[in-house]
Amino acid sequence: MDLGLEGKRAIVTGGSRGIGYAIARALATEGADVVIAARTAHDLEIAAKALADETGRRVVGVPTDTGDQDSVDALVARTVEEFGGVDILVNSAATPWSANAPTDFAATTDDVVRREVEIKVLGYLRTARAVAPHLIDQGWGRIINISGLGARAANSIAQTVRNVSVAALTKNLADELGPHGINVTVVHPGRTRTERLVAQVTARSQETGIPVEELERELAQNSLHRLIDASEVADVVAFLASPRSVGITGDAVAVGGGVPGAVYY
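Criteria and cut-off values
- Residues numbered from 1 in each chain as written.
- Predicted model: local features only at pLDDT ≥ 70, side-chain atom pairs only at ≥ 80, totals over all residues.
- Heavy atoms only, no water.
- Pairing = 2+ DSSP bridges.
- Helix = DSSP H or I, 4+ residues; strand = E, 2+ residues; numbered from the N terminus.
- Axes fitted to C-alpha atoms, helices over the stretch in contact; angles between N-to-C directions.
- Contact = heavy atoms within 4.5 Å.
- Buried < 20%, exposed > 50% of the residue type's maximum accessible area, 1.4 Å probe, protein only.

Colleague: Give me the lowdown on the sheet that holds strand β9 (residues 252–255), citing residues and values where you can.
Modeller: What the seven strands build is an open sheet, ordered β3-β2-β1-β4-β5-β6-β9; its pairing is parallel. The sheet terminates laterally at β3 (59–63) and β9, the two strands that pair on one side only. The sheet shows a mean angle of 20° between the axes of neighbouring strands, taken without regard to direction. Pairing geometry for strand β4 (residues 88–91) and strand β5 (residues 141–146), over four bridges, is parallel. Within β5, the residue paired with I88 across the bridge is R142. Helix α2 (residues 41–55) contacts β2 (33–38) and β3 of the sheet and is inclined by roughly 170° relative to β3.

Colleague: So what about the pairing of β4? Which residues, and what values?
Modeller: Side-chain alternation along β4 places I88 and V90 on one buried face and L89 and N91 on a second face that is also buried. Pairing analysis gives three bridges linking strand β1 (residues 9–13) to β4, with the strands arranged parallel. When the bridges of β4 are listed, I11 appears paired with L89.

Below, the structure is given as structure tokens:
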């Protein structure tokens, strides 16, 4: 299937590694030119060169702090300067939840929740706010917000709040921007094989002598009984970013290999 992404212009935040990098790779492979954004210039430079060399598309790294509106505005301005416009925004810049965040009620301070909302929810809002006028002017666009299956499980207050909030942001944007030809969706990955997870599992394998494959199977608490790879999340996002996805907006697409026992409708 031709996704119709040839010549489209995309921004992928959090694009220097992990799921964001895989998404940038998938979009560029389908013919899009891509700006990847993250906070570390050195990582962006390496990632952009690798993607450009592999795909033959224009890939530009722009250091960006999505916690700062001026930085976000500069990102969009640079994209328009480089590519002449922007068609697709993928919001994937967020601190991994497992970064020593407390999960119990007593330890969930205001600052814990505030940090999660600032990084993920407001960061996504800022980038969407900066990109939307360009999409409205041309009468077409796609915004895909990467959230997580933590939106569907009460594992911790802060984790659930941040992921549910991204879904709520998505629906509000979809209803308002839909008449302008702009589709907005949210993707919920589950536990996903990324460079970070591979390094963690490899280190544990070396410590315990348990094969990596066995450790991955233990981690895969899904219907498929295997980890979903970042590239497989990226395949879904590439479809949602394409003109082929016109019938999907405002909704959440789970890409975690299935949640056993639960019925979502």
